[in-house]
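Breakdown of the fold
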Amino acid sequence: MEEQGGERSSIVIGLIENRAKEVGMAAFDLRSASVHLSQYIETSSSYQNTKTLLHFYDPMVIIVSPNKLAPDGMVGVSELVDRFYASVKKVVMTRGCFDDTKGAVLIKNLAAKEPSALGLDTYYKQYYLCLAAAAATIKWTEAEKGVIVTNNSLLVTFNGSFDHMNIDATSVQNLEIIEPLHPTLWGTTNKKRSLFHMLKTTKTIGGTRLLRANLLQPLKDIETINTRLDCLDELMSNEQLFFGLSQVLRKFPKETDRVLCHFCFKPKRVTSEVVGADYARKSQVLISSIILLKTALDALPLLSKVLKDAKCFLLANVYKKVCQNETYASIRKRIGDFIDEDVLHARVPFVARTQQCFALRAGIDGLLDIARRTFCDTSEAIHNLANKYHEEFKLPNLKLPFNNRQGFYFSIPQKDIQGKLPSKFIQVLKHGNNVHCSTLELASLNVRNKSAAAECYVRTEVCLEELLDAIREDVSALTLLAEVLCLLDMIVNSFAHIISTKPVDRYTRPEFTNDGPLAIDAGRHPILESIHNEFVPNNIFLSEASNMLIVMGPNMSARFSTIRIVDRIFTRMGTVDNLESNSSTFMTEMRETAFVMQNASQRSLIVMDELGRATSSSDGFAISWSCCEYLLSLKAYTIFATHMENLSELATIYPNVKTLHFHVDLHNNRLDFKFQLKDGPRHIPHYGLLLAEVAGLPHSVTEKAKSITARIIEKELKRMEVNCQQYEQIQTVYRVAQQLMCLKYSSQDKGSIREALQNLKESYLNNRL
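Residues numbered from 1 in each chain as written. Predicted model: local features only at pLDDT ≥ 70, side-chain atom pairs only at ≥ 80, totals over all residues. Heavy atoms only, no water.

**Quick word on the nonpolar core**
- Counting 125 residues, the largest nonpolar core has L37, L235, L315 and F410 as its most contacted members.
- In contact with L315, other than residues within four places in its own chain, are C231, L235, L241, L245, L307, A310 and L488.
- Counting 49 residues, the second largest nonpolar core, distinct from the first, contains Y40, L54, M165 and F662. (Core = buried A, V, L, I, M, F, W, Y, C linked by side-chain atoms within 4.5 Å. Buried < 20%, exposed > 50% of the residue type's maximum accessible area, 1.4 Å probe, protein only. Contact = heavy atoms within 4.5 Å.)

**Quick notes on the pattern of salt bridges**
- What the rule picks out here adds up to 20 salt bridges.
- The residue R332 makes a salt bridge to D298 at a minimum N-O spacing of 2.5 Å. Residue R332 is found in helix α14 (residues 326–338), and its partner D298 is found in helix α12 (residues 277–307); the two are separated by 34 residues along the sequence.
- With a relative accessible area of 15%, R332 lands in the buried category.
- Its salt-bridge partner being D365, residue R459 comes within 2.8 Å of it at the nearest N-O pair. Of the two residues, R459 sits in helix α17 (residues 440–463) while D365 sits in the loop between α15 (349–357) and α16 (366–392), which places them 94 residues apart along the sequence. For the pair shown, R459 and D365 are each scored as buried.
- If you follow the salt bridges from partner to partner, you end up with K294, D298, R332 and E341 in one network. (Salt bridge = Lys/Arg side-chain N within 4 Å of Asp/Glu carboxyl O. Helix = DSSP H or I, 4+ residues; strand = E, 2+ residues; numbered from the N terminus.)

**Structural notes on the packing of aromatic side chains**
- Enumeration according to the criterion identifies 15 aromatic pairs in this entry.
- Put simply, the rings of F350, F358, F375, F402 and F408 pair up and form one aromatic cluster.
- The ring of F84 has K51 lying over it, and the distance from NZ or CZ to the ring centre is 3.8 Å.
- The ring of Y637 carries R564 above its face, with NZ or CZ at 3.7 Å from the centroid. (Phe/Tyr/Trp six-rings, centres within 6.5 Å; stacked < 30°, edge-to-face > 60°. Lys NZ or Arg CZ within 6 Å of the ring centre and 35° of its normal.)

**Remarks on the confidence of the model for the protein**
- Here the protein averages 83 in pLDDT, while 89% of its residues score no lower than 70.
- Low pLDDT, under 50, characterises residues 270–275; the predicted model gives this stretch 10 contacts beyond four residues in sequence or across chains.
- Contacts from residues 577–582, a stretch scored under 50 in pLDDT, to residues over four places away or in other chains number eight contacts. (pLDDT = per-residue confidence, 0-100.)

**Thoughts on the environment of E693**
- Along the chain, E693 turns up in helix α24 (residues 687–695).
- With 10 residues separating them along the chain, E693 and E703 place their C-alpha atoms 9.7 Å apart.

**A short note on the state of the cysteines**
- For the coordinates displayed, the defined rule picks out zero disulfides.
- Residue C627 stays outside any disulfide, its sulfur separated by 7.2 Å from that of C628, the closest cysteine. (Disulfide = S-S within 2.5 Å.)

**Looking at a nonpolar patch on the surface**
- Nonpolar side chains collect at one region of the surface, where V733, Y764 and L765 lie side by side and expose about 290 Å² of accessible area between them.
- Considering the arrangement of structural elements, one finds Y764 in helix α27 (residues 750–765). (Patch = residues over 30% accessible without salt bridge, like charges linked within 9 Å, V, L, I, M, F, W, Y side chains within 5 Å. Areas by Shrake-Rupley, 256 points an atom, 1.4 Å probe, with all protein chains shown as cover.)

**What about the packing of helix α10 (residues 239–249) against helix α19 (residues 475–500)?**
- The N-to-C vectors of α10 and α19 enclose an angle of 130 degrees; their axes lie 10 Å apart at closest approach. Judged by the inter-axis angle, α10 sits oblique to α19. In this structure, α10 crosses over α19, and the sense of that crossing is left-handed. Of the residues in α19, those touching α10 at F242, L245, S246 and L249 are L485, L488, D489, V492, N493, A496, H497 and S500.
- Looking at the contact of α10 with α19, its residues break down into seven nonpolar, four polar and one charged. (Axes fitted to C-alpha atoms, helices over the stretch in contact; angles between N-to-C directions. Parallel < 35°, antiparallel > 145°, perpendicular 65-115°, else oblique. Left-handed = near helix turned anticlockwise from the far one by under 90°. Nonpolar A, V, L, I, M, F, W, Y, C, P; charged D, E, K, R; others polar.)

**Some remarks on the sheet that holds strand β12 (residues 410–413)**
- In spatial order, the strands read β12-β14-β13; together these three strands make up an open sheet with antiparallel pairing. Because the sheet does not close on itself, it has two edges, and the strands there are β12 and β13 (426–431). Put simply, the sheet's adjacent strands are angled 25 degrees from each other on average, direction ignored.
- Pairing analysis gives four bridges linking β13 to strand β14 (residues 434–438), with the strands arranged antiparallel. Each bridged residue has a counterpart across the sheet, and for I426 the counterpart in β14 is S438. (Pairing = 2+ DSSP bridges.)

What follows is the structure, encoded as structure tokens:
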């Protein structure tokens, strides 16, 4: 496989749909040699579910079929890619390439796990679309990269997102999970103004990608979550373990996860006659992979030493499954039979090239030894040439840098050049305070040096064919090692590192439940508190008895938190026209709201901000009220921020609605925003009118507005008073239920709970609730 540089995407996606609104997707990650299959009903005409997955995978190539099979009212995945993913390479393959039967056979043969474990035999017909997408994706990859995927080498998952929380692409943007919502506001320092960039202290490319994946699709399995939290607890209480792991992880090359995939792909032909720049490049990458694997396996004993006494399940399991796995020692021994002991992974370009040329032990191949001699001779000649120019042209600071693209070149400080450079120097370029250049002699030696290196690469790969086949037999062990290193990088270098850099009481371990409340005491917002010195923590509580909060007023270290696992997070906020899809503010608002209403369930968490502001006040109020009632019928946990005072009437009718407001002090008709949540509706009368006065509206206008709004509020208060009397009994029952739920999930001792229950009973009997 070609080497993927930096953090550039390495995922190829196949995408197909039918007329029944079903979409099949296959995401082939070339970096980790894994295939993720998804098949789902597309509930949104704007393809929100597909957009969410595409945003999650961030592909470099999207493969679609030429036929437009979009359901009525939907644009089709091909046009979707053209419209929203124009920067991604789009490949159109014939419909015949999307063959679900071939896809099933391929997945069975290539999957690292037993086919029965994937559910293929039972769910073959159910997954036919994503299997068809897999067939096209693998076919394109093998043809484009000139490789054959090794049998039983790929990690295959079906509908992986079902095990994770789903956050749609719009909510990812609104919640500033990956990128800031308004980056221009922060200027050049905006990189830390998102959750991902704040946590991005990982050291490896794979760890960074795993962190991004965990933020976009958080875990739902409480057991796995608690296993990770147990690990963090031990790392924070055992300083020696934390710093030991931090140091050992640096011994593993940061490309370890990426390079292991090279052993999952076999070139279509490997013969001694195959020579050429492109083939030599592939051979070089493969040799580099073996050197990197050797370096990683050399570091395993150090990891074993650090983890030997670890107590938590996660670290103890890594020690058992990886550190004590004899397969790695076996692979390391095989590599030692061919690769010189002194060879290590290097980053400096020419050092890396030399290591790759001399990776194989001497005496194994005569033609390789000749090529090495030529490589050494030309390298020496190049350095002799530099010394010659150094003396001949009186250039005391002449240097001889090297890069992979142009080979060796000369770098001369401009202050050393008197007048013009001699005509012998060509390709002269200014580079800061230096001049970069070459000569015909250097160019000729570079060609010979590069050719000798290419011959070394090809001969080395031919000699290593037996070793490569042996390594491929244990490719599943290498995949496990890559996954473990990425996970440790994320937990140690990101999560544990962030906690360790804050005051001791800044972070608290949350408790997770399937059916309990969402309760946060003195909650903080990790990004906002880094911006504002006087950050105000706030409390929040949602439960079955109080599952909707209406937050009113001007627009969060936690001491305690218990969090209910949710299946999806939805957000609706912001009032911006979408010129891209020719949508007004209101149409954009309604499309986003429609997606929430169509997809939300009882297990969802919904955050809506200022719904209905983009249309008339009566229509906006009507839509907001009806949406609240619909969400109440779903029993979803909902936080609804609004300036519409009338919505507080919901709390007088529905006992599971609670009204909150942000506290504001009023001094001499000036508003002092405290950013502190308090119970009840907003208590500052007419603060909108106060703002109007501050803005400069004439006094007569604001006075007239006050008299109008006073008459409206008088009618509303009378109606709310009637509601309160009518629904008083059921409101009391719900308040009791809410307190019982708090006690159910309380960590207090039995005596304290018994006392609290007695107090609750007395309050209920004496009508004090």
